[in-house]
Amino acid sequence: MLKKFSVRTAGRSQLINITGQVREAIRQSGVRDGLVTVYCPHTTAGITVNEGADPDVAGDLLRYLDNLCPWEHPLYFHSEGNTAAHMKAGIVGAAQAIPVVDGDLALGTWQAVFFCEFDGPRERKILVKIIEG
Amino acid sequence: MLKKFSVRTAGRSQLINITGQVREAIRQSGVRDGLVTVYCPHTTAGITVNEGADPDVAGDLLRYLDNLCPWEHPLYFHSEGNTAAHMKAGIVGAAQAIPVVDGDLALGTWQAVFFCEFDGPRERKILVKIIEG
Amino acid sequence: MLKKFSVRTAGRSQLINITGQVREAIRQSGVRDGLVTVYCPHTTAGITVNEGADPDVAGDLLRYLDNLCPWEHPLYFHSEGNTAAHMKAGIVGAAQAIPVVDGDLALGTWQAVFFCEFDGPRERKILVKIIEG
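Residues numbered from 1 in each chain as written. Chains lettered and ligands numbered in written order. Predicted model: local features only at pLDDT ≥ 70, side-chain atom pairs only at ≥ 80, totals over all residues. Heavy atoms only, no water.

A.B. asks: I'm lost on empty space enclosed by the protein in this one. Help?
C.D. replies: The rolling of a water-molecule-sized probe over the atoms marks out the regions of remaining empty space. In total, this model carries six cavities of 30 Å³ or more according to the counting rule given. For the largest cavity, the calculated volume is near 430 Å³. Forming the boundary of the largest cavity are 34 residues, of which V92, G93 and A95 of chain A, A95 of chain B together with A95 of chain C lie nearest the centre. By residue class, the composition of the lining of the largest cavity is 20 nonpolar, 14 polar and no charged. (1 Å grid on protein atoms, 1.4 Å probe; cavity = no way out; pocket = protein on both sides within 12 Å on 5 of 7 lines; lining within 4 Å. Points joined across faces, edges and corners; volume = space filled by probe spheres on them. Nonpolar A, V, L, I, M, F, W, Y, C, P; charged D, E, K, R; others polar.)

Following this line, the structure appears as structure tokens:
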């Protein structure tokens, strides 16, 4: 089962909680037990799981990634000027796998699924692949 | 097939080799060929594969992650004071996929599966999802 | 379905575009819809998805990872002297999952699959695990 949805990002860097959309994709698939892979088909964005309760966690992650990967650096040659976004995408990763149990995500108490925008604002696509088993 | 087990971590930061427990979960499942996903339902911990032979590798990884993500930083706003642990969890990742071949993990010679504690000591849960195919 | 292939890396650090080999493995498997996991059984190398169009992106990633994880550091104890390569492998990750749609990788327009050599030159193996579903 493959489901797709889009998100509209609002800033250059932003973490968007997409747990609800992934849950809905699993519900629509009818799969009770299996593995879901949330996949980002973009090279300046990614998918991660982290704390969804306190929004300061997502803010801290974005601020600290900016600190780790500054927008300007003498080592960057890529002419589009967004190497920092490609680097952050590589650190966070383009995919996140999560077990599906009883028709729902097997997330921990504090976990949420985030789409990570690193070079917005843009319209972005997300793929949700659900394997039964 | 979904298996669960717990580990008791002993320090604030620690890499624990869980290869044996993952192997045992695969054996119990009876699956000969497929894909295993080792999943961490916590937001200040993660799962990774790296060298298991020389314990200095795991030690170096923890020391260098501490260097990359210090415990105190003016960019951190999260009131619990463990942003560094959330950041490390995001770098390492919450899940690790490994092929299953002939009823066992298809690890390379030097690879081991590690649970990564970044804000212990705590009792932690680990999910092992095995898909046949 | 499990397919294997090798690459010969040419430098200490190198990103090699292996999209063609992964596509060919999927074609040989005959799987039309499912999930592919590209797996690296080495501890000083990894697999990632990033931009394949402008080779400066891959070059920037390697240069900036060298900056983040220098070869020499007082925190490194591992006697082989390649802790930086183990650290980069941990950042990038040993596996990359990508949905399979209509018998092909569901990559975004600018995405390519890269084998990441962090301690070459060497002969390296890559596993391609394809799950139908």
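Moving on from the coordinates now.
A.B. asks: For this particular structure, what's the right way to read the packing of aromatic side chains?
C.D. replies: Each aromatic ring pair is summarised here by two numbers: the centre-to-centre distance and the angle between the ring planes. Under the criterion given, the structure shown has three aromatic pairs over all chains. Seen from their ring centres, Y64 of chain A and Y76 of chain B are 5.5 Å apart, and the 55° between their planes marks the pair as tilted. One end of the pair, Y64 of chain A, is in helix α2 (residues 55–68); the other, Y76 of chain B, is in the loop between α2 (55–68) and α3 (83–92), on a second chain. With respect to burial, Y64 of chain A and Y76 of chain B carry one shared label: buried. The cationic tip of R12 of chain A hangs over the ring face of W71 of chain A; the distance from NZ or CZ to the ring centre is 3.3 Å. (Phe/Tyr/Trp six-rings, centres within 6.5 Å; stacked < 30°, edge-to-face > 60°. Helix = DSSP H or I, 4+ residues; strand = E, 2+ residues; numbered from the N terminus. Buried < 20%, exposed > 50% of the residue type's maximum accessible area, 1.4 Å probe, protein only. Lys NZ or Arg CZ within 6 Å of the ring centre and 35° of its normal.)

A.B. asks: Honestly, the environment of A112 of chain C in this entry has me stumped. Any pointers?
C.D. replies: Residue and element names in this part refer to chain C. Tracing the backbone shows A112 in strand β7 (residues 111–117). A relative accessible area of 4% means that A112 is categorised as buried. A C-alpha to C-alpha distance of 20 Å links A112 and V31, two positions 81 residues apart in sequence. For A112, the residues in contact, after removing those within four places along its chain, are N17, T19, T48, V49, N50, G52 and L107. (Contact = heavy atoms within 4.5 Å.)

A.B. asks: Teacher, can you tell me more about the sheet that holds strand β3 (residues 34–39) of chain B here?
C.D. replies: Each strand in a sheet pairs with another by means of backbone hydrogen bonds, the pair being arranged parallel or else antiparallel. Residues and elements named next belong to chain B. Here we have five strands laid out as an open sheet, ordered β1-β8-β3-β5-β6, and antiparallel in their pairing. Strands with a single pairing partner mark the edges of an open sheet, and in this sheet they are β1 (2–8) and β6 (104–105). Of the strand pairs in this sheet, β3 and strand β8 (residues 123–132) are connected by six bridges, and their pairing is antiparallel. Of the residues in β8, the one forming a bridge with V36 is I130. (Pairing = 2+ DSSP bridges.)

A.B. asks: Explain the relation of the copies chain C and chain A here, please?
C.D. replies: Note on the chain copies: they are related by a rotation about an axis and a translation along it. Once turned by 120° and shifted 0.0 Å along the axis, chain C lies on chain A with an RMSD of 0.0 Å. Both chain copies can therefore be described as sitting about a three-fold axis. The position closest to the rotation axis in chain C is occupied by the C-alpha of I91 of chain C, lying 3.3 Å away. Little of the interface of chain C is mirrored in chain A, where only 12% of its interface residues are also at the interface. (Least-squares fit on C-alpha atoms with pLDDT ≥ 70 in both.)

A.B. asks: When you look at the relation of the copies chain C and chain B in this model, what are you seeing that I'm missing?
C.D. replies: Of the transformation placing chain C onto chain B, the axial shift is 0.0 Å and the rotation is 120°, giving an RMSD of 0.0 Å. The overlap is low: 14% of the interface residues of chain C also sit at the interface in chain B, so different surfaces are used on the two sides.

A.B. asks: What exactly am I supposed to notice about the interface of chain C and chain A here?
C.D. replies: In many reports, interface size means the accessible area that the parts give up when they come together. Residue-level contacts link 34 residues of chain C with 29 residues of chain A. Taken together, the two surfaces of chain C and chain A that pack against each other cover about 2400 Å², and 64% of this comes from carbon and sulfur. On the surface where chain C and chain A come into contact, there are zero salt bridges. Scanning the region where chain C abuts chain A turns up 12 residue pairs in polar contact (both at pLDDT 80 or more). Breaking the side of chain C that touches chain A down by element, the ones donating at least two residues are β3 (34–39), β4 (45–51), α2 (55–68), α3 (83–92), β5 (95–101) and β8 (123–132) of chain C. The dominant element in the side of chain C that touches chain A, judged by the number of residues it contributes, is α2 of chain C, at nine residues. (Buried area = accessible area lost by both parts, 1.4 Å probe. Salt bridge = Lys/Arg side-chain N within 4 Å of Asp/Glu carboxyl O. Polar contact = N/O pair within 3.5 Å; in protein donor to acceptor, adjacent residues only side chain to side chain.)

A.B. asks: Which parts of the structure should I look at to understand the pattern of salt bridges?
C.D. replies: A side chain of one charge can pair with a side chain of the opposite charge if their charged atoms are brought near each other. All names here are of chain C. For the coordinates displayed, the defined rule picks out 23 salt bridges over all chains. Among the ionic pairs, D60 bridges to R63, the shortest N-O distance being 2.7 Å. Here R63 and D60 lie together in helix α2, a separation of three residues that amounts to about one turn. R63 gets classed as partly exposed once you look at its relative accessible area, which sits at 28%.

A.B. asks: Explanation requested: the sheet that holds strand β6 (residues 104–105) of chain A in the structure shown.
C.D. replies: With antiparallel pairing, the five strands of this open sheet are ordered in space as β1-β8-β3-β5-β6 (chain A). Edge positions in the open sheet fall to β1 (2–8) and β6 of chain A, since each of these has one partner strand only.

A.B. asks: For this particular structure, what's the right way to read α3 of chain B?
C.D. replies: Along an α-helix, residues three or four apart share an orientation, since each turn contains 3.6 residues. Residues and elements named next belong to chain B. Most of α3 is tucked away: 10 of the 10 residues are buried. Residues of α3 that are buried: T83, A84, A85, H86, M87, K88, A89, G90, I91 and V92. Phi turns positive one or two residues past the end of α3, at G93, with a value near 100°.

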